[in-house]
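So the chains spell out like this:
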Number of protein chains: 2
Amino acid sequence: MVTIEGIQLIGFDNSAAGNEHFSSINPATGEVLQYTFRKATESEVNIASEKAASAFQIYRRKSGIEKAIFLETIVDEIQNLGDQLIETCCAETALPKARIEGERSRTLHQLLMFAAMLREGSWLDARIETADAMRSPLPKPDIRYLHIGLGPVVVFGASNFPLAFSVAGGDTASALAAGCPVIVKAHSAHPATAELVAKAIRAAATKTQMPDGIFSLLHGDGQVVGIKLVTHPQVKAVGLTGSFTAGKALYDAAVKRKEPIPVYAEMGSTNPVFILPEALQTQQEKIAKGFAASVTLGVGQFCTNPGLLVYEKNTSAAAFLQRLAREFENTSGGPMLTEIIFKSYEQRIAHRATLQHLEVFADGKKTTGKHCADPVLFKTTGDIFEKHPDLAEEIFGPTSTIVEMESKSQLLAAAKNLSGHLTATVHGTDNDLASHRDLLDILEQKAGRIVINGFPTGVEVCHAMVHGGPYPATTDGRSTSVGTASIFRFTRAVCFQNMPDQLLPAELQNENPLGIWRLVNGIRTKDRIQ
Amino acid sequence: MVTIEGIQLIGFDNSAAGNEHFSSINPATGEVLQYTFRKATESEVNIASEKAASAFQIYRRKSGIEKAIFLETIVDEIQNLGDQLIETCCAETALPKARIEGERSRTLHQLLMFAAMLREGSWLDARIETADAMRSPLPKPDIRYLHIGLGPVVVFGASNFPLAFSVAGGDTASALAAGCPVIVKAHSAHPATAELVAKAIRAAATKTQMPDGIFSLLHGDGQVVGIKLVTHPQVKAVGLTGSFTAGKALYDAAVKRKEPIPVYAEMGSTNPVFILPEALQTQQEKIAKGFAASVTLGVGQFCTNPGLLVYEKNTSAAAFLQRLAREFENTSGGPMLTEIIFKSYEQRIAHRATLQHLEVFADGKKTTGKHCADPVLFKTTGDIFEKHPDLAEEIFGPTSTIVEMESKSQLLAAAKNLSGHLTATVHGTDNDLASHRDLLDILEQKAGRIVINGFPTGVEVCHAMVHGGPYPATTDGRSTSVGTASIFRFTRAVCFQNMPDQLLPAELQNENPLGIWRLVNGIRTKDRIQ
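This is a predicted model, so every value here is computed, not measured.

A. Region of the structure containing the overall build of chain A. Along its length, chain A carries 16 helices and 23 strands. Against the compact-globule benchmark of 24 Å for 530 residues, chain A has a radius of gyration of 25 Å, which places it among compact chains. By its C-alpha atoms, chain A is 75 × 65 × 40 Å across when sized along the principal axes. For chain A, buried positions account for 66% of its 530 residues. Counted over contacts in chain A with a minimum sequence separation of 6, partners at least 24 positions apart contribute 76%. Surface accessibility of chain A: about 18700 Å² in total, with carbon and sulfur atoms responsible for 52%.

B. Examining the nonpolar core more closely. Grouped together as the largest cluster of nonpolar side chains are 258 residues, with contacts concentrated most on Phe70(A), Ile450(A) and Phe70(B). Leaving out residues up to four positions away in the same chain, Ile450(A) has contacts with Ala424(A), Leu440(A), Leu443(A), Glu444(A), Val494(B), Cys495(B), Phe496(B), Gln497(B) and Met499(B). Phe156(B), Val238(B), Val263(B) and Tyr471(B) belong to the second-largest nonpolar core, a separate cluster that totals 50 residues.

C. Quick peek at the sheet that holds strand E13 (residues 308–312) of chain B. The strand order across the open sheet formed by 12 strands is E23(A)-E22(A)-E5(A)-E6(A)-E21(A)-E20(B)-E19(B)-E12(B)-E13(B)-E18(B)-E17(B)-E15(B), and the pairing between neighbours is mixed. With one partner strand each, in any of the chains shown, strand E23 (523–525) of chain A together with strand E15 (359–363) of chain B form the two edges of the open sheet. Here the average twist between neighbouring strands, direction ignored, is 25°. As paired elements, E15(B) and strand E17 (residues 376–381) of chain B share 4 bridges and run antiparallel to each other. The residue of E17(B) that forms the bridge with Val360(B) is Phe378(B). Sheet contacts for helix H10 (residues 284–296) of chain B: strand E12 (273–275), E13, E17, strand E18 (399–405) and strand E19 (421–427) of chain B; angle to E18(B), the most-contacted strand, approximately 140°.

D. Seen up close, the sheet that holds strand E6 (residues 143–149) of chain B. Pairing in this open sheet of 12 strands is mixed, and the strands run E15(A)-E17(A)-E18(A)-E13(A)-E12(A)-E19(A)-E20(A)-E21(B)-E6(B)-E5(B)-E22(B)-E23(B) from one edge to the other. This sheet does not close on itself; its edge strands, each paired only once, are strand E15 (359–363) of chain A together with strand E23 (523–525) of chain B. Neighbouring strand axes in the sheet, compared pairwise and without regard to direction, differ in orientation by 25° on average. Relative to strand E21 (residues 491–497) of chain B, E6(B) is paired through 7 bridges, and the arrangement is antiparallel. Within the sheet, the bridge partner assigned to His147(B) lies in E21(B) and is Ala493(B). Its contacts with the sheet put helix H12 (residues 339–354) of chain A on E15, strand E17 (376–381) and strand E18 (399–405) of chain A, and the angle it makes with E17(A) is roughly 35°. Sheet strands in contact with helix H16 (residues 437–444) of chain A are strand E12 (273–275), strand E19 (421–427) and strand E20 (447–452) of chain A together with E6 and E21 of chain B, and its direction is about 145° off that of E20(A).

E. View of the relation of the copies chain A and chain B. Of the transformation superimposing chain A on chain B, the axial component is 0.0 Å and the angular component is 180°, with the fit at an RMSD of 0.0 Å. In the structure described here, the two chain copies are related by an operation that fits a two-fold rotation axis. Closest to the rotation axis within chain A is the C-alpha of Val255(A), separated from it by 3.6 Å. The overlap is high: 100% of the interface residues of chain A also sit at the interface in chain B, so the same surface is used on both sides.

F. Spotlight on the pairing of strand E7 (residues 153–156) of chain A. All names here are of chain A. The alternating pattern of E7 places Val153 and Val155 on one face and Val154 and Phe156 on the opposite face, and all of these are buried. As judged from the 4 bridges shared by E7 and strand E8 (residues 182–185), these two strands associate in the parallel manner. Opposite Val153, over in E8, you have Val182 as the bridge partner. This β-α-β element, E7 to helix H5 (residues 170–178) to E8, shows right-handed connectivity. Both E7 and strand E10 (residues 237–241) contribute to a ladder of 4 bridges, which runs parallel. Among the inter-strand pairings, Phe156 is bridged to a residue of E10, identified as Leu240.

G. A look at the interface of chain A and chain B. At the interface, 68 residues of chain A touch 68 residues of chain B. Interface area, chain A with chain B, both sides summed: about 6000 Å², of which 55% is carbon and sulfur. Three residues, Glu444(A), Arg478(A) and Arg492(A), lead the burial of chain A against chain B; their summed loss comes to 12% of the area buried on that side. Remark: the boundary between chain A and chain B carries 12 salt bridges. Summed over the shared surface of chain A and chain B, the number is 36 residue pairs in polar contact (both at pLDDT 80 or more). Looking at the side of chain A that touches chain B, the elements that each hand over two or more residues are helix H1 (42–59), strand E5 (127–129), strand E6 (143–149), helix H8 (244–255), helix H15 (430–435), H16, E20 and strand E21 (491–497) of chain A.

H. Here's a closer look at the state of the cysteines. All chains considered together, the criterion is met by 0 disulfides over all chains. Note on Cys90(A): no disulfide assigned, nearest cysteine sulfur contributed by Cys89(A) at a separation of 6.2 Å. Unpaired in this structure, Cys462(B) has its nearest cysteine sulfur neighbour in Cys495(A), at a distance of 7.4 Å.

I. Broad picture of the environment of Thr88(A). With respect to the helices and strands, the residue Thr88(A) is situated in helix H3 (residues 82–93). Judged by its relative accessible area of 7%, Thr88(A) is buried.

J. Focus on the packing of helix H7 (residues 222–230) of chain B against helix H8 (residues 244–255) of chain B. Residue and element names in this part refer to chain B. Closest axis-to-axis distance for the H7/H8 pair is 9 Å, and the angle between their directions is 35°. In this structure, the crossing between H7 and H8 has a hand that is right-handed. Together, Gly226, Ile227 and Val230 of H7 and Ala249, Leu250, Ala253 and Ala254 of H8 make up the contact between the two elements.

K. View of the packing of H3(A) against helix H4 (residues 97–120) of chain A. Residue and element names in this part refer to chain A. At a minimum axis separation of 9 Å, H3 and H4 run at an interaxial angle of 120°. As summarised for this structure, H3 and H4 are arranged oblique, according to the angle between their axes. In this structure, H3 crosses over H4, and the sense of that crossing is right-handed. Contacts between H3 and H4 involve Gly82, Leu85, Ile86, Cys89, Cys90 and Thr93 from the former and Lys97, Ile100, Glu101 and Arg104 from the latter.

L. Spatial organisation of helix H1 (residues 42–59) of chain B. The terminal C-alpha atoms of H1(B), which comprises 18 residues, lie 25 Å apart, in line with the 26 Å expected from a rise of 1.5 Å per residue. Looking only at H1(B), the buried set comprises Glu44(B), Val45(B), Ala48(B), Ser49(B), Lys51(B), Ala52(B), Ala53(B), Ala55(B), Phe56(B) and Tyr59(B).

M. Representation of the pairing of E21(A) within the structure. Counting buried positions along E21(A) gives 7 out of 7 residues, so the element sits mostly inside the fold. Alternating residues of E21(A) divide into Thr491(A), Ala493(A), Cys495(A) and Gln497(A) and Arg492(A), Val494(A) and Phe496(A), and every residue in both groups is buried. As defined by bridge partners, E21(A) adjoins strand E20 (residues 447–452) of chain B across 3 bridges and the pair is classed as parallel. Each bridged residue has a counterpart across the sheet, and for Cys495(A) the counterpart in E20(B) is Arg449(B).

N. Looking closely at the pattern of salt bridges. All told, the structure shown has 61 salt bridges over all chains when counted by the stated rule. For Asp13(A), the salt bridge is made with Lys51(A), and the minimal N-O distance between the two is 2.9 Å. Taken together, the residues Asp13(A) in strand E2 (residues 13–15) and Lys51(A) in helix H1 connect sequence positions 38 residues apart. Judged by relative accessible area, Asp13(A) falls into the partly exposed class, the value being 42%. Here the salt bridges do not stand alone but share partners, grouping Arg60(A), Arg61(A), Asp441(B) and Glu444(B) into one network.

O. Examining the side chain of Ser316(A) more closely. Relative to the elements of secondary structure, Ser316(A) occurs in the loop between strand E13 (308–312) and helix H11 (317–329). The residues contacting Ser316(A), other than those within four sequence positions of it, are Leu280(A), Gln281(A) and Gln284(A).

P. Spatial organisation of the environment of Gly290(B). Residues and elements named next belong to chain B. With respect to the secondary-structure elements, Gly290 resides in helix H10. Classification of Gly290 by relative accessible area gives buried; the value is 18%. Along the backbone, Gly290 and Phe455 are 165 residues apart, and their C-alpha atoms lie at a distance of 7.1 Å.

Q. Structural detail: helix H10 (residues 284–296) of chain A. Residue and element names in this part refer to chain A. Between its first and last C-alpha, H10 extends 18 Å over 13 residues, near the 18 Å set by a 1.5 Å rise per residue. Of the positions making up H10, those classed as buried are Gln284, Ile287, Ala288, Gly290, Phe291, Ala292, Ser294, Val295 and Thr296. Where H10 terminates, the next one or two residues include Gly298, which has phi positive at roughly 60°.

R. Summary view of the packing of aromatic side chains. Evaluation of the coordinates by the stated rule reveals 19 aromatic pairs over all chains. With a centroid separation of 6.5 Å and an interplanar angle of 70°, the aromatic rings of Tyr311(A) and Phe320(A) are classed as edge-to-face. What makes Tyr311(A) buried here is its relative accessible area of 0%. For Phe320(A), a relative accessible area of 0% corresponds to the buried category. Here Trp123(B) and Phe488(B) contribute two aromatic rings whose centre-to-centre distance is 6.2 Å and whose plane-to-plane angle is 50°, an arrangement assigned as tilted. You can see Trp123(B) sitting in the loop between helix H4 (97–120) and strand E5 (127–129) and its partner Phe488(B) sitting in the loop between E20 and E21, a full 365 residues away along the chain. One aromatic cluster in this structure is built from Phe22(A), Tyr35(A) and Phe37(A). For the cation-ring pair, Arg99(A) lies above Phe161(A), with the distance from its terminal atom to the ring centre recorded as 4.9 Å.

Rules of the game
- Residues numbered from 1 in each chain as written.
- Chains lettered and ligands numbered in written order.
- Predicted model: local features only at pLDDT ≥ 70, side-chain atom pairs only at ≥ 80, totals over all residues.
- Heavy atoms only, no water.
- Helix = DSSP H or I, 4+ residues; strand = E, 2+ residues; numbered from the N terminus.
- Rg over C-alpha atoms; globule rule 2.2 N^0.38 Å.
- Buried < 20%, exposed > 50% of the residue type's maximum accessible area, 1.4 Å probe, protein only.
- Contact = heavy atoms within 4.5 Å.
- Areas by Shrake-Rupley, 256 points an atom, 1.4 Å probe, with all protein chains shown as cover.
- Core = buried A, V, L, I, M, F, W, Y, C linked by side-chain atoms within 4.5 Å.
- Pairing = 2+ DSSP bridges.
- Axes fitted to C-alpha atoms, helices over the stretch in contact; angles between N-to-C directions.
- Least-squares fit on C-alpha atoms with pLDDT ≥ 70 in both.
- Right-handed = clockwise from strand over helix to strand, strands pointing away.
- Buried area = accessible area lost by both parts, 1.4 Å probe.
- Salt bridge = Lys/Arg side-chain N within 4 Å of Asp/Glu carboxyl O.
- Polar contact = N/O pair within 3.5 Å; in protein donor to acceptor, adjacent residues only side chain to side chain.
- Disulfide = S-S within 2.5 Å.
- Left-handed = near helix turned anticlockwise from the far one by under 90°.
- Parallel < 35°, antiparallel > 145°, perpendicular 65-115°, else oblique.
- Expected span 1.5 Å × (residues − 1).
- Phe/Tyr/Trp six-rings, centres within 6.5 Å; stacked < 30°, edge-to-face > 60°.
- Lys NZ or Arg CZ within 6 Å of the ring centre and 35° of its normal.

Put into structure tokens, the structure is as follows:
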């Protein structure tokens, strides 16, 4: 068993300078858990940042294989935490054991995916232009290009994925893969889980001889410790999944720095689902079941939770709605991740219930228990939705709003008015989809991922995933937080002109010793250069 | 001959709503040129932006080949301008004919490079994960990924490259290639040149049936028309080469928008050149000649102009300095691009000449003529340089500062203290370079391009170029403004989950009808999917 110490992990050192304390709470019981955590001081923020900057100078020269071994060893060390991690995490989040076990698998898979990418090596987009001394009017120089890490990265743990978007989550994995040291600002809802995972990373760093400062974990408030980290001159990029308020505050702080830095904040999304006419008629059961399940999965606490259901009124609508009501009434909620999240859900639901223009269409089953959210489905018309764009705003929890459109043109107009979302989903038969290419074309401009005949919850960790989307879904719609393309959050390209071969990074040397794909004079090849 | 009308080109329409006028001036003579230009009104900014947004909806569905033909037709139309373009441009900039002809070649080559990239098609980084219904515990969906254009892009013409970084320059070419309409804010120093090139683009757009609004040209002040464009809700990205003040003002305006957008501003760079000990001894002539030429090329009006020369003192230094002084004394200046640029150069040079801690080391030949800048080389010590970091700031023009370091450690410390630059150059023998890997490692973190035994002026247009660098060289060090990688300034990735094959973009369809490179389940291939 690993002892939870409630301190900051600053590189290989423990630090306990702070005098402010907090504890985590079991949201399902309200019980204050036994561990006490110190909040980091400004001096601890500075030490972690300076250590990360020093570590960067060593870590950035590590080979892809060395970095891969580090990530693989993190996987081993997290596995070694065994049931202690699962139990601690369940107690801090009220998430069920099977979910946390699944999330652990996903987290480890993600680390291994980046390790495999580093071992293969082609990710860094090596580009080579060979010299041509004879070119007229000017000789062509030899130019070679690849991606390098930006420097220390600050990652904010998210409450709703205590493993996969937290200490060893996607941003940490991609930053470490990119060659960047990481400082995690732990989420205050699962500090013990954070410490366990951080100690696993530290153990892996020690075992694989990584530099002191390659990884740190700090506790504290986002507005204090978080802002200090984001504004520290040694910090070069920031990753966050959280609320619009939190994400925007960090973004604003980062762009006002003497040296502005990129902030990749995923801030919320309503993930609209559209049902096209034939599907509304022929796929009622599948859509009703799937939608009710997707809205209430994990007590609705997913960034891809579908908060809007839009369809064009036709003769099948009444039957579909009946079916959907029945399915929804069979769902149930459960304890939310934190008291704050629960209270916010309750307040926002209560507010919507008072709105004249919104009908409470269906309720899920009531759950009695601490911080338990009950599912609610609202309904309104396209006319009202047009006048009240705030109905498209996310409510974090097991709720959604049905919007009945009078016509296809009203539906298209609503789609055009959407702001940026992580996902957009369309249910349609082949006929439907063929006759709604205009809708698909609009949605492609509004979201990072377009889902056909499925549901947005469930984000595949793979090369082709885009988990991101135009503002305000994220602060940087050019980026994804899931999948291998996320590594480019934390890199920039550099090129070398007429650099002697032996001084080039191995990836750019003539012999192509790593056997990677390269773009040589415009041709993609693994060949060596003659 | 094309008539210069001095109006705004808003899509396919001319517009002359404004009542404020200006004229361009021949900087070499002070002569006010015959053309009068209107500044765009707020309403014209709005119309151009809305038209660009409408055009985007059509242009974004054009195939790579259609976009390539558009770019190739722009090349033809610019060539058709013939000597009128060269003469107009020479009159507005005082740049010599050969230089403008060379810059035209470069501009056309750049457009053709993007056209070739579009015809080949692999640039959009297509990624495909095929479904696996049998996967446990959850089936794997089909996910397909590619890059799409962001939307209307605003490009600011630069004074120092009236063709290659102006109306049909790099940002325009890459934005059009990415599928984005472009609005150019013409530089007030070469408005007639801008109108000619804009009319060539408009002719090409008409001939290739591109949508109205795909391209507009507006005149006016950066602080007025420029800021209005950058803050217009329909504008989705901005490209600029200019001063720190101009770039930072646009960046600040863009990040404060309701929907923040990316600004790629290249803002200045001192492009330090380091001479290592053996090279200082054995390559005196080559370095002295090359450096003097690079500092004074084009009257020093290049963003890659080397403004710092750093070496470690040894017994060869005196001889090298003597040689350098001789070479520099043989250089001459000439008329600068604008009166403002000339006055700024004169003031800053006059200020530096008063500094006790800076020696005027060598003067170029005096030129008598309107707005003529004379080359000046300053010299100081490493100790002084350490105390006066402002000496590392760019002075736009034919000047540079020599810094003599007492020791390698002083040289390394100075390198570490550098801010971001576009380039960093090192002259060294093989021995020198091997013994200064620490210096190379530092410089890689400070610049976008590392030049060995050459000079930074001259930016090769190719796949492997990085013309960018960490802040404050640019506002976004993750990006390049030259070379094919610049297309990613104006794109984001989107993915499609379980989209029927026939509704996918051709690039992602099973058959791979375009025969492009794709990453299929992690394997790079041109094969079709079974």
